[in-house]
Amino acid sequence: MSELFGVPTQALFGQLLIGLINGSFYALLSLGLAVIFGLLNIINFAHGAQYMMGAFCAWFLLNKLGLNYWWALVIAPVVVGATGMVIERLMLSRLYQLDHLYGLLLTFGLALIIQGLFRQEFGSTGLPYPMPTELQGGQNLGFMFLPNYRAWVIVASVTVCLGTWFMIEKTKLGSYLRAATENPQLAQAFGINVPRMVTLTYGFGVGLAALAGVMAAPIYSVNPLMGEHLIIVVFAVVVIGGMGSIMGSIITGFVLGLVEGFTKVFYPEASNTVIFIIMAIVLMIRPAGLFGTQK
């Protein structure tokens, strides 16, 4: 068996693939957080719970309505995003003139409530969600075996992330959205419905979390605590990339996933803390993050 850096290539590339998969979810979730914070200045601590809701929505669609994975990819983000819009209209809209801490505390409380309700109903054990038959199996690349579903997750994540960045930064809709958040009074004077734009933006960010949950369901078990275990890492990714930086969150998510994979190969004991070590170093050197701007 051939080796690279003293490690069997099969093991090395296998861990890098796991890191890239984790990076795909980091990127998608941190993208949703960056959209919500960068455009609405809301620190959405309920993001992990909404990711979990996306996975459970896929499970419900399959087991209660007989709708498969492909339907879930479309329906779950819409359903969970709609619940996010209700939360924004009924609760978060009352906090925009207050300190960011109030929004963080509210969304943290919502996360605990949502997780508690699902845990009460389903317990802590994971529920299996089958992989779509079209993506079963894999490809033998010679140096490693690449499962088809994992390859799909990476490609889909990159596509969604870049598509979101393009929509926000390069289209007229994105320019309206940035105008509505940077100068709402002026945007309102030009006929833009600012409250509706804000609500749709929050729903879109929540929908991204739900989409990540659907994609994660066949890989990880559908569990009420699945978002709780991930959200702290995702917040670290957002801080490293720069709070509110769309492209920063995307790049940082994928890169840190790979760094985590490398660490598991060469120094497994540090794999659970390497992202937080990097965050501490980045904050000492660039408090605004790698891609953020100091205000």
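Residues numbered from 1 in each chain as written. Predicted model: local features only at pLDDT ≥ 70, side-chain atom pairs only at ≥ 80, totals over all residues. Heavy atoms only, no water.

S.K.: Would you explain the overall build of the protein in this entry?
M.R.: Along its length, the protein carries eleven helices and four strands. For 295 residues, the compact-globule estimate of 2.2 N^0.38 gives 19 Å, and the protein sits close to it at 19 Å. Taking the principal axes of its C-alpha atoms as reference, the protein extends roughly 70 × 50 × 35 Å. Of all 295 residues assigned to the protein, the portion counted as buried reaches 49%. When contacts within the protein are restricted to residue pairs at least 6 apart in sequence, those whose partners lie at least 24 apart make up 77%. Approximately 14200 Å² of the protein is accessible, and the part contributed by carbon and sulfur atoms is 67%. Across the protein, the 12 positively charged side chains and the 10 negatively charged ones have centroids separated by 11 Å. (Helix = DSSP H or I, 4+ residues; strand = E, 2+ residues; numbered from the N terminus. Rg over C-alpha atoms; globule rule 2.2 N^0.38 Å. Buried < 20%, exposed > 50% of the residue type's maximum accessible area, 1.4 Å probe, protein only. Contact = heavy atoms within 4.5 Å. Areas by Shrake-Rupley, 256 points an atom, 1.4 Å probe, with all protein chains shown as cover. Lys, Arg positive; Asp, Glu negative; His and termini not counted. Charge placed at Lys NZ, Arg CZ, Asp CG, Glu CD.)

S.K.: Just to check I follow, could you spell out the environment of glycine 257 for this structure?
M.R.: Among the structural elements, glycine 257 can be located in helix α10 (residues 246-266). Separated by 74 residues in the primary sequence, glycine 257 and asparagine 183 place their C-alpha atoms 36 Å from one another. The contacts of glycine 257, once residues within four sequence positions are left out, are Gly19, Leu20, Gly23 and Tyr26.

S.K.: Mind showing me how you'd approach the nonpolar core here?
M.R.: Generally speaking, a soluble globular protein has its nonpolar side chains buried in company with each other. Membership of the largest hydrophobic core comes to 88 residues, with the highest contact counts inside it found for Tyr51, Tyr129, Tyr202, Met215, Val222 and Ile275. Sort the elements by how many residues they give to this core and helix α1 (residues 9-40) lands first, with 15 residues. Beyond its immediate stretch of four places on either side in the chain, methionine 215 contacts Phe25, Leu28, Tyr69, Leu73, Tyr149, Val153, Ala156 and Ser157. (Core = buried A, V, L, I, M, F, W, Y, C linked by side-chain atoms within 4.5 Å.)

S.K.: Please clarify how the layout of surface pockets should be interpreted in this entry.
M.R.: Empty pockets left among the atoms are what a rolling probe the size of a water molecule brings to light. In this model, the second largest pocket occupies a volume close to 250 Å³. Looking at the second largest pocket, the residues that line it are Asn22, Phe25, Tyr26, Tyr51, Tyr220, Ser221, Asn223, Met226, His229, Leu230 and Val233. Elements with a contribution of two residues or more to the lining of the second largest pocket: α1 and α9 (228-241). Per-class residue counts for the lining of the second largest pocket are seven nonpolar, four polar and no charged. (1 Å grid on protein atoms, 1.4 Å probe; cavity = no way out; pocket = protein on both sides within 12 Å on 5 of 7 lines; lining within 4 Å. Points joined across faces, edges and corners; volume = space filled by probe spheres on them. Nonpolar A, V, L, I, M, F, W, Y, C, P; charged D, E, K, R; others polar.)

S.K.: Would you mind showing me how to read the packing of α9 against helix α11 (residues 274-285) here?
M.R.: Between two packed helices, the angle of one axis relative to the other and the distance separating the axes together describe the packing. Packing of α9 against α11 leaves a shortest axis separation of 9 Å and a crossing angle of 30°. Judged by the inter-axis angle, α9 sits roughly parallel to α11. Taken as a pair, α9 and α11 cross one another with a handedness that is left-handed. Facing Ile232, Val233, Ala236, Val239 and Ile240 of α9, the residues of α11 in contact are Ile275, Phe276, Ile278, Met279, Val282 and Leu283. For the contact of α9 with α11, the class distribution of residues is eleven nonpolar, no polar and no charged. (Axes fitted to C-alpha atoms, helices over the stretch in contact; angles between N-to-C directions. Parallel < 35°, antiparallel > 145°, perpendicular 65-115°, else oblique. Left-handed = near helix turned anticlockwise from the far one by under 90°.)

S.K.: Mind showing me how you'd approach helix α5 (residues 148-170) here?
M.R.: One full turn of an α-helix is made of 3.6 residues, so residues set three or four places apart face in the same direction. The first and last C-alpha atoms of α5 sit 32 Å apart over 23 residues, in line with the 33 Å expected at 1.5 Å per residue. Taken residue by residue, α5 has Asn148, Tyr149, Val153, Ile154, Ala156, Ser157, Cys161, Thr164 and Ile168 as its buried positions. (Expected span 1.5 Å × (residues − 1).)

S.K.: Explain empty space enclosed by the protein to me, please; I cannot follow it from the model alone.
M.R.: For the coordinates displayed, the defined rule picks out one cavity of 30 Å³ or more. In this structure, the largest cavity occupies an estimated 40 Å³ of space. In this structure, the largest cavity is lined by Leu33, Phe37, Ile42, Ile43, Asn44, Phe235, Val238 and Met243. For the lining of the largest cavity, the secondary structure elements donating two or more residues are α1 and α9. Here the lining of the largest cavity is built from residues that sort into seven nonpolar, one polar and no charged.

S.K.: Help me understand the environment of isoleucine 21, please; the structure alone is not making it clear to me.
M.R.: For isoleucine 21, the location among the structural elements is in helix α1. Relative accessible area serves as the criterion here: at 4%, isoleucine 21 is assigned to the buried category. Between the C-alpha atom of isoleucine 21 and that of valine 239, which follows or precedes it by 218 residues, the distance is 20 Å. In this structure, isoleucine 21 is in contact with Arg150, Val153, Ile154, Ile219 and Tyr220, ignoring residues within four places of it in sequence.

S.K.: How do you make sense of the pattern of salt bridges when you look at a structure like this?
M.R.: Side chains bearing opposite charge may pair, as long as their charged atoms lie close to each other. This model, assessed by the stated rule, comprises one salt bridge. Across the pair glutamate 88 and arginine 89 runs a salt bridge, and its minimum N-O distance is 2.9 Å. On the accessibility criterion, glutamate 88 (0% relative accessible area) is buried. Accessibility expressed as a relative area gives 38% for arginine 89, which makes it partly exposed. (Salt bridge = Lys/Arg side-chain N within 4 Å of Asp/Glu carboxyl O.)

S.K.: Can you help me understand the side chain of asparagine 223 in this one?
M.R.: Secondary-structure assignment places asparagine 223 in the loop between α8 (194-216) and α9. A polar contact is formed between the side chain of asparagine 223 and the backbone oxygen of serine 124, at a distance of 2.6 Å. Look past the residues within four positions of asparagine 223 in its chain and what remains in contact with it is Met52, Phe56, Ser124, Thr125 and Gly126. (Polar contact = N/O pair within 3.5 Å; in protein donor to acceptor, adjacent residues only side chain to side chain.)

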